[in-house]
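Listed here are the chains, written in short residue letters.
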Amino acid sequence: MNNANLIRLPVIVSALVLLSTVAFADFNLFGSPKASAALDSSAQLQEIQNAQFTDRDALLSGLERRIEATRGALGKLTLPDSLKDALTQADDALAEGIKVARDATADNWEDARGKLASLFSAYASAVIQADEASAK
């Protein structure tokens, strides 16, 4: 090995360790995924609240990807019917809020964005409750 490769090897190993740490950060001690991890709720909520109308499509596409990942993780949890119903209601309301935000104009973006933030917050709370209930 030449000296350049000797320097790169620790950097590559460090990067792999970091990536594996991040990849497994979504899992609890029992190996089941935390549904709330995909949401990154506080950062996502801030992103919604600060989004400009011109960023609407990118914001909503990213939000939809996070929700889809969350749905997948929720599907792996064993939850009481009352929590399942609350999640379904929050999910349906958020889906409607995303539709309204996608159809918003520059004139009504602030209202649509505020409603979306509120619906996302309610959904995130329901997901966190599901995580807590499944951990018991």
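The structure under discussion appears in the preceding block.
Residues take numbers from 1 onward in each chain, read along the sequence in its written order. At least 70 in pLDDT is required for a residue's local features to be given in this predicted model, at least 80 for side-chain atom pairs to be given and counted, and no such filter applies to totals for whole chains, interfaces and linings, which use all residues. Excluding hydrogens and water, the side-chain values take into account all heavy atoms of the structure.

## A few points about the environment of P80
Working definition: helices are DSSP H or I runs of at least four residues, strands are E runs of at least two. Numbering for both runs from the N terminus. Structurally, P80 is set in the loop between α3 (56-74) and α4 (81-103). Type-normalised accessible area, obtained with a 1.4 Å probe on protein chains alone, sets the label of each residue: buried when under 20%, exposed when over 50%, and partly exposed for intermediate values. With a relative accessible area of 41%, P80 lands in the partly exposed category. Residues P80 and S134 lie 54 residues apart in sequence; the distance between their C-alpha atoms is 9.2 Å.

## Some points on α3
A helix is expected to reach a length of 1.5 Å times the quantity of its residues less one. With 19 residues, α3 extends 26 Å from end C-alpha to end C-alpha; this agrees with the ideal 27 Å at 1.5 Å per step. Regarding α3, the residues found buried are R56, L59, L60, G62, L63, I67, T70, A73 and L74. In an axial view of α3, the angular spread of the buried residues amounts to 160°, which keeps them on one side of the axis. More than 90 degrees from the buried face of α3, the exposed residues found are A58 and R65. On the buried face of α3, the contacting elements are α2 (41-50), α4 and α5 (109-135). The directions considered for the arc are those from the helix axis to the C-beta atoms. In what follows, a contact means two residues having at least one pair of non-hydrogen atoms within 4.5 Å.

## Considerations on the nonpolar core
In globular proteins that are soluble, nonpolar side chains generally tend to be buried together. Take the buried Ala, Val, Leu, Ile, Met, Phe, Trp, Tyr and Cys residues and link them wherever side-chain atoms come within 4.5 Å; each set so joined is a nonpolar core. Ranked by internal contacts, the top residues of the largest apolar core, which has 30 residues, are L74, L94, L116 and Y123. Of all the secondary structure elements, the ones that give two or more residues to this core are α3, α4 and α5. In contact with L74, other than residues within four places in its own chain, are A35, L87, Y123, V127 and A130.

## Details of the environment of N108
Note on placement: N108 falls in the loop between α4 and α5. In this structure N108 comes out as partly exposed when scored by relative accessible area, which is 35%. Separated by 55 residues in sequence, N108 and F53 have C-alpha atoms that sit 9.4 Å apart.

## A word on the pattern of salt bridges
Only one rule defines a salt bridge in this text: a Lys or Arg side-chain nitrogen within 4 Å of an Asp or Glu carboxyl oxygen. Applying the stated criterion across every chain yields a total of six salt bridges. A salt bridge links D57 to R56; the nearest nitrogen and oxygen atoms lie 3.6 Å apart. Look at D57 and you get partly exposed, because its relative accessible area is 43%. Residue R102 pairs with E64 through a salt bridge whose shortest N-O separation is 2.8 Å. A residue pair is termed long-range when its members are at least 10 positions apart, and R102 in helix α4 and E64 in helix α3 qualify at 38 residues. By sharing partners, the salt bridges in this structure join R56, D57, E64 and R102 into a single network.

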